[in-house]
Amino acid sequence: MNEFRISKYNEKFRINEIYTKDEWTSIGDIGKKYDNIIFTYDEYHKVESSYLNVIKNVFNTVEAKYLQIQGLEDYKHVCKYNDKQIVELNDIINISQDCLREKYWCRLESDKMFIHFGYDFYLYIGSDLTYNKMKKIVFDQGLYIEKRKSPYKVNENF
């Protein structure tokens, strides 16, 4: 399985693996200033939608039918799903949005692909898609891609 890190972060601002631009990293940053501009919900929603579109496009391209919730961490008790539950695309998008919004955390996995949510608005996706195919899906959404293994892998089958 090929693994990639997807993000909103332009690699031209990365020096020796350190991202140097002061930028928002969480929905909790709405209302704060970055480059003297207040970060708004509209800007957040635009970026979040790009991430969700990447997930949807990869899911459809690999012809996955479902993913399974793994390692659910729901300390606020807001998740309507259960660990090990099998979910289809609409639920995957809802779960992904909730994880991006830091409501709870989990991994979504199957034999076709995985989705892992990282700190600071990083997203890890594994599938059989080549770098070039993934790059097109990601760039079409205005995001960036790197060949990176997920630090959240528990099962080497994914």
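So, here is what we can say about the structure in this document. Since we're looking at a predicted model, the values are computed, not measured.

### Observations regarding the overall build of the protein
- Each helix and strand in the protein was counted, giving three helices and eleven strands.
- Listed by position from the N terminus, the elements making up the protein come as β-β-β-β-β-α-β-β-α-β-β-β-α-β.
- Computed over the C-alpha atoms, the radius of gyration of the protein is 15 Å, within 12% of the 15 Å expected from 2.2 N^0.38 for a compact globule of 158 residues.
- When its C-alpha atoms are laid out on the principal axes, the protein stretches across 45 × 40 × 25 Å.
- In the protein, which comprises 158 residues, the proportion classed as buried is 47%.
- For the protein, long-range pairs separated by at least 24 residues make up 63% of all intrachain contacts whose partners lie at least 6 apart in sequence.
- Here the protein has roughly 8,800 Å² of accessible surface; of this, 46% comes from carbon and sulfur atoms.

### A look at the sheet that holds strand S6 (residues 67-73)
- As summarised here, the arrangement of the seven strands in space is S7-S6-S8-S9-S10-S1-S11, forming an open sheet in which the pairing is antiparallel. Edge positions in the open sheet fall to strand S7 (86-87) and strand S11 (144-147), since each of these has one partner strand only.
- As paired strands, S6 and strand S8 (residues 105-109) are joined by four bridges and run antiparallel to one another. Looking across to S8, one finds that Ile69 is bridged to Leu108.
- On top of the sheet, helix H2 (residues 89-100) reaches S6, S7, S8 and strand S9 (113-117); it is set at about 145° to S8, its chief contact.
- Along the sheet, helix H3 (residues 131-139) makes contact with strand S1 (2-7), strand S10 (123-127) and S11, crossing S11 at roughly 155°.

### Quick word on the side chain of Asn10
- One can find Asn10 in the loop between S1 and strand S2 (14-15).
- The class for Asn10 is buried, based on a relative accessible area of 17%.
- Within the local environment of Asn10, its side chain forms a polar contact with the backbone nitrogen of Lys12, the two atoms lying 2.9 Å apart.
- A polar side-chain atom of Asn10 sits 3.2 Å from a polar atom in the side chain of Tyr144.

### Remarks on the pattern of salt bridges
- A full pass over the atoms with the stated rule returns 14 salt bridges.
- Its salt-bridge partner being Lys21, residue Asp35 comes within 4.0 Å of it at the nearest N-O pair. Placement of Asp35 in the loop between strand S4 (33-34) and strand S5 (37-38) and of Lys21 in the loop between strand S3 (18-19) and S4 is noted, with a sequence separation of 14 residues between them.
- Bridged by salt links that share partners, the residues Arg5, Arg14, Glu17, Glu146 and Arg148 form one connected network.

### Some words on helix H1 (residues 41-61)
- Taking 1.5 Å as the rise per residue, H1 with 21 residues should run 30 Å; its terminal C-alpha atoms sit 30 Å apart, in good agreement.
- Looking at H1, one finds that the buried residues are Tyr44, Val47, Glu48, Ser50, Tyr51, Leu52, Val54, Ile55, Val58 and Phe59.
- Its buried side turned inward, H1 meets S1, S6, H2, S9, S10 and H3.
- After H1 finishes, the residue Glu63 shows a positive phi value of roughly 60°.

How each quantity is defined
Residues numbered from 1 in each chain as written. Predicted model: local features only at pLDDT ≥ 70, side-chain atom pairs only at ≥ 80, totals over all residues. Heavy atoms only, no water. Helix = DSSP H or I, 4+ residues; strand = E, 2+ residues; numbered from the N terminus. Rg over C-alpha atoms; globule rule 2.2 N^0.38 Å. Buried < 20%, exposed > 50% of the residue type's maximum accessible area, 1.4 Å probe, protein only. Contact = heavy atoms within 4.5 Å. Areas by Shrake-Rupley, 256 points an atom, 1.4 Å probe, with all protein chains shown as cover. Pairing = 2+ DSSP bridges. Axes fitted to C-alpha atoms, helices over the stretch in contact; angles between N-to-C directions. Polar contact = N/O pair within 3.5 Å; in protein donor to acceptor, adjacent residues only side chain to side chain. Salt bridge = Lys/Arg side-chain N within 4 Å of Asp/Glu carboxyl O. Expected span 1.5 Å × (residues − 1).

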